[in-house]
Amino acid sequence: MTPLNRDQLVALAKSQIIETTPQALNERLRNGVKPLVVDIRERDEFEQGHVPGAVFIPRGFLELRIEQYAFDRETPIVLYCAGGVRSVLAARNVKEMGYEHVESLIGGFGGWKSAGLPVKVPKMLTGDQKVRYSRHTLLPDVGEEGQLELLAARVLLIGAGGLGSPAALYLAAAGVGTLGIVDFDDVDLSNLQRQILHSESWIGKPKVESAVARLKDLNPDVTVVPYREPITSANALDIIRDYDIVLNGSDNFPTRYLVNDACHFLRKPLVDGSIFMFEGQVTVYHPGSPEEGIVQGPCYRCLYPDPPPPGEVPSCAEAGVLGVLPGIVGSIQAVEAIKLVLRKGDPLIGRLLMFDAMDMTFRTLNVRRDPACPLCGEHPSVTELIDYEQFCGMPARE
Amino acid sequence: MTTVLIPTPLRRLTANQSRVEISGDTVGQVIVNLDDTYPGMGERLLDQNGDIKRFINVFVNDDEIRTLQGANTPVSAGDRVSIVPAMAGGC
Ligand SMILES: [Zn+2]
């Protein structure tokens with residue numbers, strides 16, 4: 001056998017293998033009979049970007065694994081590497097296995113890219129992320145895929161106080177990729193008994209700034225979007241629109257009705273929590289999602305058609321609250337938000353969870369949609385955001 | 001006797017008890033008897049028309065009474081009546 005040098009071997013291979021241009025391949029992928037496109041580069045090269053729809057089989061495993069993707073020897077196959085040399089050599093070996101229509105991409109991935117053709121960058125966990133989220137990815141209900149969904153998720157927190165603090169910390173730790181936080185308050189010494197997001201050095205400074213600093217320090221994967229303003233009928237829709245899920249930790253009735261109505265109009269799931277002294281409530285108001293098999297549940301107005309008259313229900317500032325209580329309730333809200341992102345488990349839709357720290361009891365009560373609900377009922381009378389201060393300032397029934 | 005679970009904001013009317021035993025064959029009767037035993041309860045739970053206030057939910061066992069027979073929902077020994085008012089606190 002005549003010895004061949006590198007160039008001679010490549011020339012021989014090229015004489016035996018059909019080569020295709022990036023443009024021609026692109027055309028076939030878009031409009032023709034789609035060939036099996038195989039990226040034979042190394043994993044890190046593939047992860048940085050590849051031809052859309054390509055499967056990844058590194059050169060060293062090509063012959064061993066190609067049958068998993070194309071058992072039929074008639075299958076048209078296009079191999080590509082970085083520059084078009086390795087793939088033409090590899091194609092010869094695949095052809096020897098009996099694959100009749102195996103081609104090599106001229107110029108490889110470099111040629112594809114410089115032709116300006118679309119590149120798919122697969123989302124993958126980085127090395128650090130694999131370690132950081134390993135206790136999540138070990139869970140069959142999360143896995144790498146679920147973790148990537150968390151990283152792509154956008155959750156809005158109304159309030160960076162008692163409920164918002166643990167919720168924000170756990171959601172950030174869990175790698176929820178974007179956390180919006182609405183709060184116009186400054187950190188006060190009296191907050192620190194329960195609002196674990198903040199610390200003494202932040203007293204007198206905006207809560208959202210304290211939150212951004214703490215959460216970025218906890219997990220740099222998370223983008224924290226601060227809104228240092230009260231949420232109002234004027235800005236609620238614009239703020240909430242950008243998020244997948246809203247977690248309500250507000251401390252007053254007007255905001256609760258406002259957030260409920262805005263979430264209803266925008267069809268966003270709302271994870272609601274509230275606390276009082278030693279007692280907490282959590283539920284999920286969900287607009288329904290047929291593709292996920294989720295039936296629309298009740299809204300806040302189904303449960304509480306009218307607000308209590310001002311003063312009838314004392315606030316935490318008047319009655320006090322056990323510091324740990326929001327830690328439990330806000331953490332449960334975080335669990336529910338994560339379940340909604342992952343589409344796993346049984347969310348608290350149509351169920352009101354009651355927690356009593358004194359009795360140390362959890363109970364779930366069934367709550368239903370009210371056909372007469374002014375917002376989500378059969379004949380709604382609330383069809384846009386209203387003046388919620390006025391709504392809550394009025395006597396409950398006149 | 002029916003067990004009535006008292007929410008935190010109303011416990012000052014029940015000398016801080018979180019659950020009390022009250023007689024009555026319907027939810028309506030239980031509330032009337034609750035007010036007899038713990039004066040002030042009726043005022044907190046019912047509006048001028050005697051209806052349950054619209055920011056308060058009452059459950060028999062796990063179900064809200066509007067989905068049952070309202071104030072006429074029958075109760076018997078061993079049933080649990082829960083009073084759940086709206087709470088706004090997130091602080
Ligand atoms: Zn409703």
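That block above? That's the structure.
Trainee: Sorry, what's going on with the pairing of strand 6 (residues 154-158) of chain A here?
Mentor: The two faces of the sheet receive side chains in turn, since in a regular strand these alternate between them. Residue and element names in this part refer to chain A. By the criterion of burial, strand 6 is predominantly enclosed, with 4 of the 5 residues buried. Pairing of strand 6 with strand 7 (residues 178-182), which is carried by 5 bridges, proceeds in the parallel orientation. Following the sheet pairing, leucine 157 is matched in strand 7 by isoleucine 181. Assessed by its sense of winding, the connection that carries the chain from strand 6 through helix 10 (residues 164-173) to strand 7 is right-handed. Inspection of the sheet shows strand 6 paired to strand 9 (residues 245-248) by 4 bridges, in the parallel sense. Its bridge partner being in strand 9, leucine 156 is matched across the sheet by valine 246.

Trainee: Can you help me understand the coordination of the zinc ion in this one?
Mentor: Geometry reference: four tetrahedral donors at a metal, ideal angle 109.5 degrees. Six octahedral donors, ideal angles 90 or 180 degrees. Residues and elements named next belong to chain A. Note on the zinc ion: its protein donors are Cys299 (SG), Cys302 (SG), Cys373 (SG) and Cys376 (SG). The metal-donor distances range over 2.3 Å. In this structure, the zinc ion is coordinated by 4 donor atoms arranged in tetrahedral fashion, with angles at the metal of 92 to 122°. If you list the donors of the zinc ion from N- to C-terminus, the spacing comes out as C-x2-C-x70-C-x2-C. Of the two residues, cysteine 302 is situated in helix 14 (residues 300-303) and cysteine 373 in the loop between strand 13 (361-366) and helix 17 (388-393); the sequence distance between them amounts to 71 residues. Residues cysteine 302 and cysteine 373 agree in their burial class; the two are buried.

Trainee: How should I be thinking about helix 2 (residues 22-31) of chain A in this particular structure?
Mentor: Residues that lie three or four places apart on an α-helix share one face, since the helix turns once every 3.6 residues. All names here are of chain A. Residues Pro22, Leu25, Asn26 and Leu29 constitute the buried set of helix 2. For helix 2, the angular spread of buried residues about the axis comes to 100°, placing them on one side. Taken together, the buried residues of helix 2 touch strand 1 (18-20), strand 2 (36-39), strand 4 (77-80), strand 5 (102-105) and helix 6 (108-114).

Trainee: Sorry if this is basic, but what is going on with the packing of aromatic side chains here?
Mentor: Remark: the centre distance and the inter-plane angle together describe each pair of aromatic rings, the angle taken between the planes. Residue and element names in this part refer to chain A. Under the definition given, this model contains 8 aromatic pairs over all chains. Look at tyrosine 257 and tyrosine 300: their rings are 4.9 Å apart centre to centre, the planes differ by 70°, and that puts the pair in the edge-to-face class. One end of the pair, tyrosine 257, is in helix 13 (residues 253-266); the other, tyrosine 300, is in helix 14, with 43 residues separating them in the sequence. The two residues tyrosine 257 and tyrosine 300 agree in class, both being buried.

Trainee: Honestly, the pairing of strand 8 (residues 223-227) of chain A in this entry has me stumped. Any pointers?
Mentor: All names here are of chain A. Pairing geometry for strand 7 and strand 8, over 5 bridges, is parallel. Paired with valine 182 across the bridge in strand 8 is tyrosine 227. Read from strand 7 through helix 11 (residues 207-218) to strand 8, the crossover connection turns out right-handed.

Trainee: What's the story with the sheet that holds strand 2 of chain A in this structure? I'm lost.
Mentor: The pairing of strands in a sheet comes from backbone hydrogen bonds and takes either a parallel or an antiparallel form. Residues and elements named next belong to chain A. A sheet is described by the order of its strands in space; here 5 strands give the open sequence 1-5-4-2-3, paired in parallel fashion. Each having just a single partner strand, strand 1 and strand 3 (55-56) make up the two edges of the open sheet. Judged from the 3 bridges that link them, strand 1 and strand 5 form a sheet pairing that is parallel. Looking at strand 5, one finds that glutamate 19 is bridged to serine 104. Along the sheet, helix 4 (residues 62-69) makes contact with strand 2, strand 3 and strand 4, crossing strand 2 at roughly 150°.

Reading the values: the criteria
Residues numbered from 1 in each chain as written. Chains lettered and ligands numbered in written order. Predicted model: local features only at pLDDT ≥ 70, side-chain atom pairs only at ≥ 80, totals over all residues. Heavy atoms only, no water. Buried < 20%, exposed > 50% of the residue type's maximum accessible area, 1.4 Å probe, protein only. Helix = DSSP H or I, 4+ residues; strand = E, 2+ residues; numbered from the N terminus. Pairing = 2+ DSSP bridges. Right-handed = clockwise from strand over helix to strand, strands pointing away. Donors = N, O, S within 2.8 Å, 3.2 Å for Na, K, Ca; no water. Tetrahedral: all angles 85-135°; square planar, octahedral: opposite > 155°, others 65-115°. Arc of directions from axis to C-beta. Contact = heavy atoms within 4.5 Å. Phe/Tyr/Trp six-rings, centres within 6.5 Å; stacked < 30°, edge-to-face > 60°. Axes fitted to C-alpha atoms, helices over the stretch in contact; angles between N-to-C directions.

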